[in-house]
Amino acid sequence: MTNAREDSILNKISIGGAASFVLAPFPEYRQKPAFDLAGTISRTAGRLAIRYALSGNLHSIDVAEQASTPLRLDHLWETTCFEFFLAAPARDEYWEFNLSPARHWNAYHFDGYRKGMREESLVSELPFRIERTDRRFSLSLELDISPLIPAKSPVSAGITAVLRTHEGKTGYWALTHKGSEPDFHRLDSFILQLEPSR
């Protein structure tokens, strides 16, 4: 059972496996934030492309300066970080991808809900592109996911972000929030279904 907001997201998915999305903050926000977080995700055969666009009054958001050398690092979610999760139908395993505005990154494999977390050895880099102005920040990535999920298999995707302010407050953004606490790992929040290309 989905709600009206989820239905509107699901209805945007095309046969070719492409969708636009809008992320919403966890309901702890009592006032509408002064910024929006949206984007697009698409799948062509074994390749996945995702783009995040953060726009509005961004001065309050702690967006790290780009590092000269991207590194594979843990705990990127402790500050501003763009994330997505992928799973195949009828499988307990899933993958988490972390993309930092500083250009650092990581990819993890889980055997089940928060179980067996380890770095995914089949992903050796996440070469994403960043564009930044005073009122807009965008991050784009194209990735071959065929070593993880076969090209002919559907993909369930959860798209999320952690936005941390300069005051140290953390906001959790996602396509949907299913529980009483923010939890990006719930498989029932992977509501975007990307079908394989015909």
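Basis of the calculations
Every residue gets a number counted from 1 within its own chain, in the order that chain's sequence is written. Totals for whole chains, interfaces and linings use every residue, but because this is a predicted model, local features are given only for residues with pLDDT of at least 70 and side-chain atom pairs only at 80 or more, for both listing and counting. Water and hydrogen atoms play no part in the side-chain values, which are based on all heavy atoms of the structure. For Phe, Tyr and Trp, where Trp contributes only its six-membered ring, two rings pair if their centres lie within 6.5 Å, and the inter-plane angle classes them as stacked under 30 degrees, edge-to-face over 60, or tilted in between. By the criteria applied, helices consist of DSSP H or I runs no shorter than four residues and strands consist of E runs no shorter than two, each listed in order from the N terminus. Only protein chains enter the area calculation, which uses a 1.4 Å probe; residues under 20% of their type maximum are buried, those over 50% are exposed, and those in between are partly exposed. For two strands to be treated as a pair, DSSP must find no fewer than two bridges joining them. Under this scheme, a helix contributes an axis fitted over its contacting stretch, all axes are lines through C-alpha atoms, and angles between N-to-C directions fall in the 0 to 180 degree range. Whether two residues are in contact is decided by their heavy atoms: any pair within 4.5 Å suffices.

Asker: Looking at this model, I keep getting lost on the packing of aromatic side chains. Mind explaining?
Answerer: Each aromatic ring pair is specified by the distance between its two centres and by the angle formed by the two planes. Counting across every chain of the model gives 11 aromatic pairs. Considering the side-chain rings of Y94 and F190, the 5.9 Å spacing of their centres and the 70 degrees angle between planes classify their relative orientation as edge-to-face. Of the two residues, Y94 sits in strand β6 (residues 94–99) while F190 sits in the loop between β12 (170–174) and β13 (192–194), which places them 96 residues apart along the sequence. Its relative accessible area of 3% is what places F190 among the buried residues. Ring pairing ties together the aromatic residues F21, Y52, F82 and F137, which thus form one cluster.

Asker: Help me out: how do you make sense of unusual backbone geometry in this one?
Answerer: Backbone geometry follows two general trends: most residues other than glycine have a negative phi, and most peptide bonds adopt the trans configuration. Although it is not a glycine, A45 adopts a positive phi angle of roughly 55 degrees. Take A45: it is sitting in the loop between β3 (35–44) and β4 (47–56). Of note in the backbone geometry, R114 takes a positive phi value of approximately 55 degrees without being a glycine. Looking at where R114 falls in the secondary structure, it is placed in the loop between β7 (105–110) and β8 (118–119). By relative accessible area, R114 is classed as partly exposed at 46%.

Asker: I tried to follow the sheet that holds β3 on my own but got confused; where do I start?
Answerer: Think of a sheet as strands paired side by side through backbone hydrogen bonds, with each pair either parallel or antiparallel. Spatially, β1-β3-β4-β10-β9 is the arrangement adopted by the 5 strands of the open sheet, whose pairing is antiparallel. The open sheet has two free edges, formed respectively by β1 (18–22) and β9 (129–132), since each of these has just one partner strand. Here the strands of the sheet are splayed against their neighbours by 10 degrees on average, with no regard to which way each runs.

Asker: It is not clear to me how the environment of I145 should be interpreted in this structure. Could you clarify?
Answerer: As for its position among the elements, I145 is in the loop between β10 (136–144) and β11 (155–164). Given the relative accessible area of 0%, I145 is considered buried. The spatial distance from the C-alpha of I145 to the C-alpha of V123 is 8.7 Å, given a sequence separation of 22 residues. Leaving out residues up to four positions away in the same chain, I145 has contacts with R43, G46, L48, L86 and V155.

In short, the description is geometric, and any link to function would need to be established separately.
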